[in-house]
Every structure is written in structure tokens, then in C-alpha cells.
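Take a look at the letters that make up each chain.
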Amino acid sequence: MYADWLQGMGLLMIIAHSGNFLTLYGHAEVLYKSVGDNVAPGDVIGAVSDAGGTLPQLYFEIRQGRKPVDPKAWLKSGE
């Protein structure tokens, strides 16, 4: 749905899912997918970098429409 530079987020990818859900991935160093590409589970969509001496970071968000959703229910526990 979106794959480009956004002020304050760096390279940002927004993926549209069924049920009006969106996932957002920001602060990427490189994006491997473009708008219109299909994304399957397990696909690598981008990468972060520690360039500039800072720790790599990823911004991640889930939304249903315009409403943010707590991602805990969607992510596997590391326990």
C-alpha cells in the first residue's frame, strides 16, 4: 500500500491485510518490496541497519482502519 520515505519514520512500508487491517514497518534501511507486490508469510520485506553507530530499530504498528491495535494478541510469545 505504501513503500517510501516518510519524515520521522525513514523508509516506511505499510501492508494492507484482509479485515481492514494494516501493518506499518518504519526506520528501514532498505525495502525489498514495492507498492503492488504480493507479500506472503515469511517474506523478507526490508532490513534495518546499525549505520551511524546507533542500534538498529524497527517501528511496528498494527491498525484496523485508522485505529491502532495492541499487537500482543498477534505476536508469538518468546516464552
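Values in this document were obtained by computation on a predicted structure and should not be read as measured data.

1. Quick notes on the overall build of the protein
Looking only at helices and strands, one finds 0 helices and 7 strands in the protein. Order of helices (α) and strands (β) in the protein, N terminus to C terminus: β-β-β-β-β-β-β. Based on the C-alpha atoms only, the size of the protein along its principal axes is roughly 40 × 35 × 25 Å. Counting only residues that meet the buried cut, the protein has 22% of its 79 residues in that class. Across the protein, the fraction of contacts at a sequence separation of at least 24, relative to all contacts at a separation of at least 6, is 35%. Carbon and sulfur atoms form 55% of the exposed surface of the protein, whose accessible area is close to 6000 Å². Charge centroids of the protein, computed over 6 positive and 8 negative side chains, lie 11 Å from each other.

2. Points about the nonpolar core
Among the nonpolar cores identified, the biggest contains 5 residues, and these are Met9, Leu12, Ile14, Leu22 and Leu24. Secondary-structure elements contributing two or more residues to this core are strand 2 (10–17) and strand 3 (21–28). In this structure, Leu12 is in contact with Tyr2, Ala3, Asp4, Leu6, Leu24, Tyr25, Gly26 and Leu31, ignoring residues within four places of it in sequence.

3. Examining the layout of surface pockets
Looking at the largest pocket, its volume works out to about 190 Å³. Together, Ile15, Ala16, His17, Tyr25, Val39, Ala40, Pro41, Gly42, Asp43 and Ile45 line the largest pocket. Here the lining of the largest pocket gets 3 residues from one element, more than from any other, and that element is strand 2.

4. What about the packing of aromatic side chains?
Per the stated rule, a full pass over the model turns up 2 aromatic pairs. Seen from their ring centres, Tyr25 and Phe60 are 5.4 Å apart, and the 50° between their planes marks the pair as tilted. With Tyr25 in strand 3 and Phe60 in strand 6 (residues 59–64), this pair connects stretches of sequence that are 35 residues apart. Exposure remark for Tyr25: the relative accessible area of 19% places this residue in the buried category.

Reading the values: the criteria
- Residues numbered from 1 in each chain as written.
- Predicted model: local features only at pLDDT ≥ 70, side-chain atom pairs only at ≥ 80, totals over all residues.
- Heavy atoms only, no water.
- Helix = DSSP H or I, 4+ residues; strand = E, 2+ residues; numbered from the N terminus.
- Buried < 20%, exposed > 50% of the residue type's maximum accessible area, 1.4 Å probe, protein only.
- Contact = heavy atoms within 4.5 Å.
- Areas by Shrake-Rupley, 256 points an atom, 1.4 Å probe, with all protein chains shown as cover.
- Lys, Arg positive; Asp, Glu negative; His and termini not counted.
- Charge placed at Lys NZ, Arg CZ, Asp CG, Glu CD.
- Core = buried A, V, L, I, M, F, W, Y, C linked by side-chain atoms within 4.5 Å.
- 1 Å grid on protein atoms, 1.4 Å probe; cavity = no way out; pocket = protein on both sides within 12 Å on 5 of 7 lines; lining within 4 Å.
- Points joined across faces, edges and corners; volume = space filled by probe spheres on them.
- Phe/Tyr/Trp six-rings, centres within 6.5 Å; stacked < 30°, edge-to-face > 60°.

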